[in-house]
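Take a look at the letters that make up each chain.
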Amino acid sequence: MSFIDRIDPEVAHAIYEHPPKRYIAIGDDPPLAREMTLASNLEMRASLPPTDVTIEERMIPGPDGDIPVVIYQPPGTAPRGGLLWMHGGGYIVGLARDDARCIEFAEVVGCTVVSVDYRLAPESTYKGSIADSFAALNWMVDNADDLGIDVGRVAIGGGSAGGGLTAGLALYNRDQGGPQLAYQLLIYPMIDDTHDTPSGHEDTCPTVWNREVSFKAWKMYLGDEYGTDRVSPYAAATRAQDLGGLPPALVVVGTLDLFRDENIDYAQRLMAAGVPTDLLVYAGMFHGVEMMVMDAVASVRMREGYLSGLKSAIG
């Protein structure tokens, strides 16, 4: 059975709605890819229903200059849980104005969301992304009172590359003795630069995140570490030898995702290391589709899975 034939029928049409040129541009022409991503982001924002969540764009101090963040605040009493969110985009594109996701987190979980505009490749390697995210986490905790956040209920999370950055940040934060974390939300995280698994070889479809574009993104993100045995676990979390002492985790992935097997293996390794870990695997779902066809039953079920996990941890 082909890749397309195995997609959940309710979301299968999405496979044809994202032209290959978008993914080709990520690997070959990042500036063009960013223009396309911004246009798509603005279109998505315009289509969202009204919300009571307040959205504030702010600059915060970082290790190499100010870092843009977007703060999403739900109505209601504080203190509340807090989520540091890292957007997706293959480490090459993406925006902190991740309204579709962050508004839903704020509304459903009842948490404050701080979405960070971390540095992207190829202009910066993973070292800049980790440094910016760690700085944003510390700023969020240091300013918890002003943000209405309970420091005992702080989570980090992200989807795709943002999920990979979340996994790397959890390791970095542990090793640096950073703030106590209540949870790490890993939504189909990009954590393995080798993709040497069955699912890593299966996904060659040009209209979804596929093996070819993923390797190009890894090459830009890793810089001179790419293709060597020196790849840092802060960049590719599967490289970590010790997963002990990390915050409780939820790993979410679809059966047709390029990252399926590396995500399942990482969840199992977290469990073996004594980290409280939930693993949710959704049949017939490819990378990111629950945000492409948001009202499909399968998409709602997938989002409800990780929203429920986050709410149980910090809501």
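Shown above is the structure to which this text applies.
Keep in mind that what you see is a predicted model, and the values were worked out from it rather than measured.

Caption draft 1: View of empty space enclosed by the protein. Considering all chains together, one arrives at 1 cavity of 30 Å³ or more under this definition. Around the largest cavity sit Phe3, Ser199, Glu202, Asp203, Thr255, Leu256, Asp257, Leu258 and Arg260, which together line it. Residues of the lining of the largest cavity, tallied by class, amount to 3 nonpolar, 2 polar and 4 charged.

Caption draft 2: Region of the structure containing helix H1 (residues 20-28). Looking only at H1, the buried set comprises Tyr23, Ala25, Ile26 and Gly27. Contacts from the buried residues of H1 go to helix H2 (30-47), helix H8 (211-222) and helix H10 (289-292).

Caption draft 3: Region of interest: the pattern of salt bridges. On inspection of all chains with the given rule, the structure shows 15 salt bridges. Linking Glu57 and Arg97 is a salt bridge whose minimum nitrogen-to-oxygen distance equals 2.8 Å. One end of the pair, Glu57, is in strand S1 (residues 54-60); the other, Arg97, is in the loop between strand S3 (80-86) and helix H3 (99-109), and 40 residues separate them in sequence. Between Lys216 and Glu212 there is a salt bridge, with the nearest N and O atoms lying 3.7 Å from each other. Here Lys216 and its partner Glu212 are both found in helix H8, 4 residues apart, which amounts to about one turn of the helix. Assessed through its relative accessible area of 56%, Glu212 is described here as exposed.

Caption draft 4: Quick peek at H3. Among the 11 residues in H3, 9 count as buried, and that is most of the element. Those residues of H3 that fall on the buried side of the exposure criterion are Asp99, Ala100, Arg101, Cys102, Ile103, Glu104, Phe105, Ala106 and Val109.

Caption draft 5: Representation of the state of the cysteines in the model. Under the definition given, this model contains 0 disulfides. No disulfide involves Cys111; its sulfur sits 8.9 Å from that of Cys102, the nearest cysteine. Judged by its relative accessible area of 0%, Cys111 falls in the buried class.

Caption draft 6: Fine view of the side chain of Arg80. If you trace the backbone, Arg80 turns up in strand S3. At 11 Å, Glu56 is the nearest oppositely charged side chain to Arg80, a buried residue that forms no salt bridge. At a separation of 2.8 Å, a polar atom in the side chain of Arg80 contacts the side chain of Gln73. Polar contacts involving the side chain of Arg80 include one to the side chain of Thr112, which spans 3.2 Å. Every residue in contact with Arg80, bar those within four places of it in the chain, is listed here: Gln73, Pro74, Gly110, Cys111, Thr112, Leu147, Gly148, Ile149, Asp150 and Arg153.

Caption draft 7: A look at the layout of surface pockets. Counted as a void, the largest pocket has a volume near 1100 Å³. His18, Arg22, Ser40, Met291 and Met292 are, among the 36 residues lining the largest pocket, the residues nearest its centre. For the lining of the largest pocket, the leading source of residues is H2, giving 8 residues. By residue class, the composition of the lining of the largest pocket is 14 nonpolar, 14 polar and 8 charged.

Caption draft 8: Looking closely at the sheet that holds strand S2 (residues 67-73). Read across the sheet, 8 strands follow the order S1-S2-S4-S3-S5-S6-S7-S8 without closing on themselves; strand pairing throughout is mixed. A strand with exactly one partner marks an edge of an open sheet, and here the two such strands are S1 and strand S8 (277-282). Looking at each pair of strands side by side, their axes are set apart by 20 degrees on average, direction ignored. With 5 bridges joining them, S3 and strand S4 (residues 112-116) adopt parallel strand pairing. Counterpart to Leu83 in the pairing with S4 is Val113.

Caption draft 9: Quick look at the packing of H3 against helix H11 (residues 297-314). Packing of H3 against H11 brings their axes to within 10 Å, and their N-to-C directions diverge by 55 degrees. The angle between H3 and H11 falls in the class oblique. Seen from above, H3 lies across H11 with right-handed handedness. Taking contact as the criterion, the partners of Arg101, Glu104, Phe105, Val108 and Val109 in H3 are, on H11, Arg303, Tyr306, Leu307, Leu310, Lys311 and Ile314. Its residues placed into classes, the contact of H3 with H11 shows 7 nonpolar, no polar and 4 charged.

Caption draft 10: Quick look at the nonpolar core. Leu84, Trp209, Tyr221 and Tyr266 are the most contacted members of the largest nonpolar core, which has 63 residues in total. The biggest single contributor to this core is helix H4 (residues 126-142), with 8 residues. Leaving out residues up to four positions away in the same chain, Trp209 has contacts with Tyr23, Ile26, Gly90, Met190, Asp203, Ser214, Ala217, Leu258, Phe259 and His287. Formed by 44 residues, the second largest nonpolar core is a distinct cluster that contains Ala12, Met285, Tyr306 and Leu307.

What counts and how
One numbering rule holds for all chains: residues counted from 1, following each sequence as written. Where totals are concerned, whole chains, interfaces and linings use all residues; where local detail is concerned, this predicted model gives features only for residues with pLDDT of at least 70, and gives and counts side-chain atom pairs only at 80 or more. The basis for every side-chain value is the complete set of non-hydrogen atoms in the structure, without hydrogens or water. Cavity: a set of points on a 1 Å grid over the protein atoms alone where a 1.4 Å probe fits but cannot get out. Pocket: an open set with protein on both sides within 12 Å along at least five of seven lines, its lining residues, like those of a cavity, having an atom within 4 Å of a point. Grid points are joined across faces, edges and corners, and a volume is the space filled by probe spheres set on the points. Residue polarity follows a fixed list, in which Ala, Val, Leu, Ile, Met, Phe, Trp, Tyr, Cys and Pro are nonpolar, Asp, Glu, Lys and Arg are charged, and the others, Gly among them, are polar. Buried, partly exposed and exposed residues are distinguished by accessible area as a fraction of the type maximum, computed with a 1.4 Å probe on protein chains only: under 20%, between the cut-offs, and over 50%, respectively. Helix and strand definitions follow DSSP, with helices as H or I runs of at least four residues and strands as E runs of at least two, each counted in order from the N terminus. The criterion used for residue contact is that any of the two residues' heavy atoms lie within 4.5 Å. The term salt bridge refers to a side-chain nitrogen of Lys or Arg lying within 4 Å of a carboxyl oxygen of Asp or Glu. Note that a disulfide, as used here, is simply two cysteine sulfur atoms within 2.5 Å. Positive charges are assigned to Lys and Arg, negative charges to Asp and Glu, while His and the chain termini are left out of the count. Polar contact is defined as a pair of N or O atoms within 3.5 Å, subject to the rule that within protein one atom must be able to donate a hydrogen and the other to accept it, and that residues adjacent in sequence are counted only when both atoms are side-chain atoms. Pairing between two strands requires that DSSP report at least two bridges joining them. Working convention: axes come from line fits to C-alpha atoms, limited for helices to the stretch in contact. Angles between N-to-C directions cover 0 to 180 degrees. Note that the term roughly parallel is reserved for angles under 35 degrees, roughly antiparallel for angles over 145, roughly perpendicular for angles of 65 to 115, and oblique for everything else. In this scheme, a crossing is called left-handed if the near helix is turned counterclockwise away from the far one by less than a right angle; it is called right-handed if the turn is clockwise. In plain words, nonpolar cores are sets of buried Ala, Val, Leu, Ile, Met, Phe, Trp, Tyr and Cys residues tied together by side-chain atoms within 4.5 Å.

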